[in-house]
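Analysis of the macromolecular model
Listed below are the residues making up each chain.
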Amino acid sequence: LRRVKSPEELELLRQGARITDATVAALASHTRPGMTECQLAGLVHRAAWEHGGEPRLTFLGSTSMEDPDLVFPRQQPSLRQLERGDVVLTELSASYGGYPGQIHRPVAVGGAPTAEYRALFELAVETFQAVVESLQPGGTDEDVRRAARQVLAGRGVWTMDALVHGWCLSLEPPRLDVPELATIRRPQEPIVFEPGMVLVVQPHLLSADRRRGLQVGSV
């Protein structure tokens, strides 16, 4: 009952995803040097309410792209002021009728991303697309890992957060990774995918030295 969503639930989740998209669009449009992380959270919350939803998760944090000290967004945004050359890491969810979307996007502050962050982003997008294509009815958890390995093997990167997890009213099973690349080891739950399941695909890549990291994903 929890894993396979009804048509009514799927429609609510689509609305939650639409509103979540609006929150990250507001962030990308209005982020400027000198703003604080808390002010960015205010942009996210305002967009959620203005589009008929409500904020659920507002994880975001900023760091210098040249001298980074953050690879995962803060669960409590801080009063740190953004500077030109920073990157903002995000994990955002806004809900409609209690059913949330989820999205992960990095935002470069005041200019283009550095070459290192651009390369991580492009590799994360490639991984995201490969995993999404692998998610077919009758497919399994091993299909997900195989798709990710085909992109990531030998690329000199690590992973941190789960590559794929279930989603509806909250985070749900399964949680799938590529174990040999993961900096956090999790049990790999066997699963056969069925129509109506809802998943978040969210490659979270770290550089070889684990100093730089970003996440690209959505429900």
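Residues numbered from 1 in each chain as written. Predicted model: local features only at pLDDT ≥ 70, side-chain atom pairs only at ≥ 80, totals over all residues. Heavy atoms only, no water.

**Digging into the side chain of Thr 23**
We count it as follows: Each helix is a run of DSSP H or I of at least 4 residues and each strand a run of E of at least 2, with the numbering of both proceeding from the N terminus. Under this definition, polar contacts are N or O atom pairs within 3.5 Å; protein pairs additionally need one hydrogen-donor-capable and one acceptor-capable atom, and for neighbouring residues in sequence, both atoms have to be side-chain atoms. Here, two residues are considered to be in contact whenever any of their heavy atoms come within 4.5 Å of each other.
With respect to the helices and strands, the residue Thr 23 is situated in helix α1 (residues 7-30). At a separation of 2.6 Å, a polar atom in the side chain of Thr 23 contacts the main-chain carbonyl oxygen of Thr 20. When neighbours within four sequence positions are excluded, Thr 23 is seen to be in contact with Val 44, Ala 47, Ala 48, Leu 92 and Ala 94.

**So, the packing of α1 against helix α2 (residues 37-50)**
We apply this condition: To get an axis, a line is fitted to the C-alpha atoms, and for a helix only the part in contact is used. The angle between two axes follows their N-to-C directions and goes from 0 to 180 degrees. We call two directions roughly parallel when the angle between them is under 35 degrees, roughly antiparallel when it is over 145, roughly perpendicular when it lies between 65 and 115, and oblique otherwise. Crossing chirality is assigned from the near helix's rotation relative to the far helix, an anticlockwise turn below a right angle marking it left-handed and a clockwise turn marking it right-handed. In this classification, the charged set is Asp, Glu, Lys and Arg, the nonpolar set is Ala, Val, Leu, Ile, Met, Phe, Trp, Tyr, Cys and Pro, and all remaining amino acids, among them Gly, are polar.
Two elements in contact, α1 and α2, have axes separated by 8 Å at closest approach and are oriented at 140 degrees. For the element pair α1 / α2, the angle class is oblique. Handedness of the α1/α2 crossing: right-handed. For the pair formed by α1 and α2, the contact residues are Ile 19, Ala 22, Thr 23, Ala 26, Leu 27 and His 30 on the first element and Leu 40, Leu 43, Val 44, Ala 47 and Ala 48 on the second. In terms of residue class, the contact of α1 with α2 is built from nine nonpolar, two polar and no charged.

**Comments concerning the pattern of salt bridges**
Condition: Salt-bridge detection follows one rule: a side-chain nitrogen of Lys or Arg within 4 Å of a carboxyl oxygen of Asp or Glu. Working definition: with a 1.4 Å probe on protein chains only, accessible area under 20% of the residue-type maximum means buried, over 50% means exposed, and in between means partly exposed.
Taken as a whole and judged by the stated rule, the model has 15 salt bridges. Note that Glu 189 and Arg 3 form a salt bridge whose closest N and O atoms lie 2.5 Å from each other. Highlighted residues: Glu 189 in the loop between β8 (171-176) and β9 (199-201) and Arg 3 in the segment before α1, separated in sequence by 186 residues. Accessibility expressed as a relative area gives 29% for Arg 3, which makes it partly exposed.

**Observations concerning the side chain of Thr 159**
With respect to the element layout, Thr 159 can be found in strand β6 (residues 158-159). Exposure remark for Thr 159: the relative accessible area of 7% places this residue in the buried category. Residues contacting Thr 159, with those up to four places away along its chain left out, are Leu 152, Val 178, Leu 181, Ala 182, Thr 183, His 204 and Leu 205.

**As for the sheet that holds strand β10 (residues 204-206)**
Sheet strands line up and pair through hydrogen bonds in the backbone, either parallel or antiparallel. Basically, it comes down to this: Here, strands pair whenever DSSP counts at least two bridges between them.
Strand order in the open sheet formed by three strands is β6-β10-β11, with antiparallel pairing between adjacent strands. Either end of the sheet is taken by a strand with one partner, and the two such strands are β6 and β11 (213-215). Note that β6 and β10 share two bridges and pair antiparallel. By the bridge assignment for β10, Thr 159 is matched with Leu 205. Contacts from helix α3 (residues 115-134) reach β10 and β11, with the element oriented near 35 degrees to β11.

**A short note on unusual backbone geometry**
At the junction of Pro 173 and Pro 174, the peptide bond is cis and its omega measures out at 0 degrees in the coordinates. Within the element layout of this structure, Pro 174 appears in strand β8. Here the phi dihedral of Arg 210 falls at roughly 65 degrees; this positive angle occurs in a residue that is not glycine. On the basis of relative accessibility, which here comes to 41%, the residue Arg 210 falls in the partly exposed class.

**Points about the packing of α3 against helix α4 (residues 141-152)**
The interhelical angle for the contact between α3 and α4, taken along N-to-C directions, is 150 degrees, at an axis separation of 8 Å. Judged by the inter-axis angle, α3 sits roughly antiparallel to α4. Pair α3 / α4 crosses with right-handed handedness. Together, Leu 123, Glu 126, Thr 127, Ala 130, Val 131 and Ser 134 of α3 and Asp 143, Val 144, Ala 147, Ala 148, Val 151 and Leu 152 of α4 make up the contact between the two elements. Among the residues making up the contact of α3 with α4, the classes are represented as eight nonpolar, two polar and two charged.

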